[in-house]
Amino acid sequence: MSEYNHREIDKKWQQFWEENKTYEVKIDHSKPKFYVLDMFPYPSGAGLHVGHPLGYIASDIYSRYKKLKGFNVLHPMGFDSFGLPAEQYAIQTGQHPAITTEANISTYISQLKKIGFCYDWSREVRTSDPKYYKWTQWIFMELFKSWYNKDSDKAEPVETLYEKFAENGTKGVNAVCDEDVRSFTAEEWNALSETEQYTISLKYRLTYLSEAVVNFCPALGMVLSNDEVKDGVSERGGYPVIQKRMQQWMMRITAYADRLISGLTTIDWSDSLKEQQRNWIGRSVGAMVKFEVENKPDTLIEVFTTRVDTIYGVSFMVLAPEHEWVTSLTTQEQKESIDNYITETQKRSELDRMSDVKKVSGAFTGSYCINPFSGEKVPIWIADYVLAGYGTGAVMGVPSGDQRDWNFATHFNLPIVPILDSQQDIETQADATKEGKYINSGIINGLGYQEATKKLIDSLEERGIGKGKVNYRLRDAVFARQRYWGEPVPIYFKDNLPYLIDEKDLPMVLPEIDKYLPTEDGEPPLGRADGWNYKGNQYELSTMPGWAGSSWYWFRYMDAHNENEFASKEAIDYWQNVDLYLGGTEHATGHLLYSRFWNKFLKDRGYVPQEEYALKLINQGMIQGKSSLVYRLKSSEGADKNPIFVSYNLRNQYETTTIHVDVSLVKNDVLNVEKFKIWRPDLASAQFILEDDKYVCGSQVEKMSKRLYNVVNPDDIVEEYGADTFRLYEMFLGPLTESKPWDTRGIEGTHRFIRKLWRLFYDQNGKYIVTDAEPTKAELKALHKTIKKVSEDVESFSFNTSVSTFMICVNELSDLKCSKKAILDQLVIVLSAYTPHISEELWEILGNEKGTITHQSYPEFNADYLIEDSFEYPIQINGKVRTTISFPADMSKEDIEKGVLANENVIKWLEGNTPKKLIIVPKRIVNVVI
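Only a predicted model underlies this, so the values are computations on that prediction, with no experimental measurement involved.

**Student:** Break down the environment of Asp-693 for me, citing the residues and quoting the values.
**Tutor:** Among the secondary structure elements, Asp-693 is positioned in the loop between β30 (687–689) and β31 (698–702). The exposed category is assigned to Asp-693, whose relative accessible area is 76%.

Okay, structure coming up:
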C-alpha cells in the first residue's frame, strides 16, 4: 500500500486484533503485573461523543506503553448497565429495559473498537447480566451476615456476635449498631427463642432495614440518590421530588468512617478529591447532650454538638421538619404553620437545603425544652437547614457563636446571648471564637475552652444526660430503589422479618412484569410479578441502587467467567490492586466512596488481601463543546414565517436573539444555509444577511450536550481522519487533567503529521524508500531524544507534550531525509502506544512479522547519542554578533581563541585592530573587545 489509507488500515488491524485475540491476557508469573482500569460507562442511547474517549485513550496509551516495558497488563472494559434512562424508556414504550440496554451496549462496543483500544474484550462485564449480579447479591448477603466489631476494628461473621452474647450478653460487646439496642445478660440471651435472638441481631448487621428520609419522586414512583436530583426535580424527566420517610435497606458505611479517612493517606489520588471525601465523611469530636421537653420528662431531645462549651448560649432548639417528634411537639395553635412548612420542605432536596445558606426560614412548634445546665426554657422550632439523617436531626441554636444560628435568631427575634468575654460585634454577626473566658455560663464562668469543655462533658456523663462522642457527617447509605431495572435484593419476608434466600438459589433473577410502573397500591414495580415469591413468602420488592454493581467490578474483570466465586484466590492474589484508575471527579462522594467501603469489607472477611483497591487515580478533564450560534432579528415583517438571520460580524447593527445551531452544519464557522433550512423545517423560508457571500456563525465554549447541538460523534471524526489522528488530537488538546474545548479545525494538524510520517517510508510517487543504511549521529540523536522524552511524558501522564515530540522528530528526520530501517523500526514502536493502527502497518511494511509490534520491548535510551560533538558559537565583536563559528565541544579556550582570531569574518570586522580582550563562555558565546 503506497498511499496512506486510514480506512483500510484501521479496518485491517482491528479485524486482525480481534481474530488473533491480540489483547487477551492471562496470569503470567514470569512478568510483573500492571492493572489499568477505566471507570466503566453507562451505555446511554446517545452513544459516545468526542469528550468520552479522552480518559480511555490516555489509559490505552499507558497500557500499551507498560506492555512494551515488559509488564503483563490487564486492561478490561465493561458496562454499568442498570440505570434509570433505560427504565424510563421502558415505561414510555413498554419495551423491556434489557433490549434497550443491549442495543446501546452494541453501539458503545462498535464505537470503542473503531478507536482501537487494547481492551481484553473476553473479560467484558455487564452489571445487568445475572451471571454478574449473582455476585453483587452474594456480597449483599455477606454484608447481611456480618457485624462491625469496634474492638477488632473490622467486620466479623454474625456468628461471633452470637457467641459473645451467649457468653456475656451485651457486656463487652463494642459494636456499630442501631441507637436503640437494649442491654441484656447472657442468661437473658440464652433464654430467648431463635426468632427473638435473630430479631435482636438485625440491629447489628452491616445491612439493615430502617426508616430513612429519602428523595422520593412520585411521578417516577421511586427513590432517587442526591446526585439524581437537581433543583428539586429529578435529573431525568424533571419531575418534582419530595422528602419522604420510608422503610429502606441501609448499609453501615459509617462503621468504616475512620478507615475511609485514614486510607486516603495510603493512595495516590488528587488532593482535591481526597479533601472532598474527608469533608463528606466529616469527622468531628464533640458531645451528645439530652434536653428534656417541658412537661414531658420522658421525652428527651438528643443533640450532637462540637461546641458543648457554648451550651449556656442556647436560645432555641431546631428540629428537622421530618423529625419523628415534630407532630407530638406541635401545639394546636401552631399546627397549620408547621404543616405548611413541612409541605414546602418536602419539595427541596437535601443538597439544596444544605447548600442554601442565605435563605432563612422556620416554624415554631409551640413547645419548649429545658437547657440541662441553665434550666432555662428553650423554644423548639423546625427549619429545613437541619436534616433528619444527619446526627440526631436536632440542633441547639447558639446565635452568638454560629452564623447560621445568628441569622435564624435575628430573623425571628430570638435572644443572642454572649458567652465569652472575647466575643466582638455579636449584634452584627456571630463570633465563633474559642479564645477568652466564659461569661453568662454558670459552672464554667471564668474558664478557658479546654477546661470548660472537659468540665461540661464530665458533668454530662456523671448526670447520665450525655457523653463525649466522635460524630460523622457521613450517614449510612440507602441501599434500595423503588424501580424495576436493578439487582433484586436476595431477601424474603416471613412474619414481617427479613431473611436471606439460600445461596444456592442465586442469582435471584428479575421477573417479567406487565408494566414498569408502581402497582395501583403504590408498591414498587416488582409487586406486579405474578407468583414471584420465595417458598410462599414475599420477596423484597425494591431493587439495589445504581452504585451496587460498580462497587466491586474490578475484581470480576480478574476472573470474569468464574461460576463458583466472584473471582478466584489465584486471580485476586496475582492482579491485586488496580495500579492506575482513570475517571471523573463527579464520582468522588458516590462510587469512589462506596467502592472503597465494599473493598474494605471484603478484606475484613478474608476474601481480598488489600485495604485499598486503586493505588493511583487520575481524574481526566472535560472536553467541552464549541457551540455554533446564529443571530435572528428580533422584529421584522413576517418574522414568524420569514425569519431573518444576520451574519456574525454584522450582528451589532441589529437587535438580535441568539440560537444554537447543529455544529454538523458548520465548517470553519461558515453555516451551510441550505442544510440549516432542512434541519429546521420551521425555518425553511428564512432569509440571511450575509457577509462576503457567506453566513458566518458565532461560537462559544460550553459543556458538550445534545441540547446545545454541539455534540461531535467520534465515528464521524474517525471516518474522515482515521482513529490514529483522532487519538493523537484528543491528547494534543492539552493536559489530561484539565478541561479544554473541542475544535474540529485543529485536527488537520495531527492529520498532516500522520501523512508526513508516512512519507518517511514512501516518496511522492508511492515508491518505497526505506534502506538498511547505517544511521548518522544526527538521525540517532533525533530518535533518542524522542525515546527519552516520550517515556518521561507517559510516566508523568503528559501525553500532549509527547505528540509535540513526535512532530518534532518526524520534522527532523524529514529534513535529514532519513528513511533508514534502523531508525524507523524504533520510532514506530514508540509511536505504537499512541497510533496503533499505522504503527502496526508500518511495522509490517518494514519487513517485520505481522502483528508482532505489541510484543516488542520499548527502545532503550542511549544518552551517548545526545552528547554534542561540536558547538556553534555566536561571535560578538564589541557586543554585536557578527558571525558564528563551530568548534569541537571539548576544545580548550586557548584553541577556541586561536580559531576565532584566524577566522576571515572576524579579521574583516577587526579592521586591522588588535583585540584588547577575548571573553569565551564555553558552549555559550565568544565576545571580542576591540
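**Student:** Could you give an account of the sheet that holds strand β2 (residues 72–74), naming the residues involved and the relevant values?
**Tutor:** Hydrogen bonds between backbone atoms are what pair the strands of a sheet, whose relative direction is either parallel or antiparallel. What the four strands build is an open sheet, ordered β2-β1-β23-β24; its pairing is parallel. Of all the strands in the sheet, the pair left with one neighbour each is β2 and β24 (617–619). Taken over all neighbouring pairs, the strand axes of this sheet differ in orientation by 20° on average, direction set aside. In this sheet, β24 lies alongside strand β23 (residues 580–583) in parallel orientation, the contact comprising three bridges. Bridging from a neighbouring strand, Leu-582 pairs with Ile-618 of β24. Each of β1 (33–38), β2 and β23 is contacted by helix α2 (residues 53–68), which is oriented at about 170° to β1, the strand it contacts most.

**Student:** Lay out the packing of aromatic side chains with the relevant residues and their values.
**Tutor:** A complete count under the given rule lists 72 aromatic pairs for this structure. Considering the side-chain rings of Phe-40 and Tyr-553, the 3.8 Å spacing of their centres and the 5° angle between planes classify their relative orientation as stacked. With Phe-40 in the loop between β1 and α2 and Tyr-553 in helix α16 (residues 553–558), the pair connects residues that are 513 residues apart, well separated along the chain. Summarising the burial analysis for this pair, Phe-40 and Tyr-553 share the class buried. Aromatic pair Tyr-581 and Tyr-613: ring centres 6.0 Å apart, planes at 65°, arrangement edge-to-face. One end of the pair, Tyr-581, is in strand β23; the other, Tyr-613, is in the loop between α18 (591–604) and β24, and 32 residues separate them in sequence. For the pair shown, Tyr-581 and Tyr-613 are each scored as buried. The cationic tip of Arg-596 hangs over the ring face of Trp-269; the distance from NZ or CZ to the ring centre is 5.9 Å. We note Arg-680 situated over the ring of Trp-679; from NZ or CZ to the ring centre the distance is 5.9 Å.

**Student:** Residue-level account of the packing of helix α21 (residues 723–732) against helix α26 (residues 836–845), with values.
**Tutor:** Close contact between α21 and α26 brings their axes to 7 Å; oriented N to C, the two are set at 130°. Considering the angle they form, α21 stands oblique to α26. Of α26, the residues touching α21 (which contributes Ala-723, Asp-724 and Arg-727) are Pro-836, His-837 and Ile-838. Grouping the constituent residues of the contact of α21 with α26 by class yields three nonpolar, one polar and two charged.

**Student:** Outline unusual backbone geometry, listing residues and values.
**Tutor:** Glycine aside, negative phi is the norm for most residues, and most peptide bonds take the trans geometry. Each neighbour pair has its own omega, and for Leu-506 with Pro-507 the value is -5°, a cis peptide bond. As for its placement among the helices and strands, Pro-507 is situated in the loop between β20 (497–500) and β21 (533–534). Not every positive phi belongs to a glycine, and Asp-495 is a case in point at roughly 55°. Summarising the element assignment, Asp-495 is placed in the loop between β19 (491–494) and β20. Asp-495 gets classed as exposed once you look at its relative accessible area, which sits at 68%. At Lys-817, a residue that is not glycine, the phi angle is positive and equals roughly 50°. Mapped onto the elements of the fold, Lys-817 is located in the loop between α24 (799–815) and α25 (821–831).

How each quantity is defined
Residues numbered from 1 in each chain as written. Predicted model: local features only at pLDDT ≥ 70, side-chain atom pairs only at ≥ 80, totals over all residues. Heavy atoms only, no water. Helix = DSSP H or I, 4+ residues; strand = E, 2+ residues; numbered from the N terminus. Buried < 20%, exposed > 50% of the residue type's maximum accessible area, 1.4 Å probe, protein only. Pairing = 2+ DSSP bridges. Axes fitted to C-alpha atoms, helices over the stretch in contact; angles between N-to-C directions. Contact = heavy atoms within 4.5 Å. Phe/Tyr/Trp six-rings, centres within 6.5 Å; stacked < 30°, edge-to-face > 60°. Lys NZ or Arg CZ within 6 Å of the ring centre and 35° of its normal. Parallel < 35°, antiparallel > 145°, perpendicular 65-115°, else oblique. Nonpolar A, V, L, I, M, F, W, Y, C, P; charged D, E, K, R; others polar.

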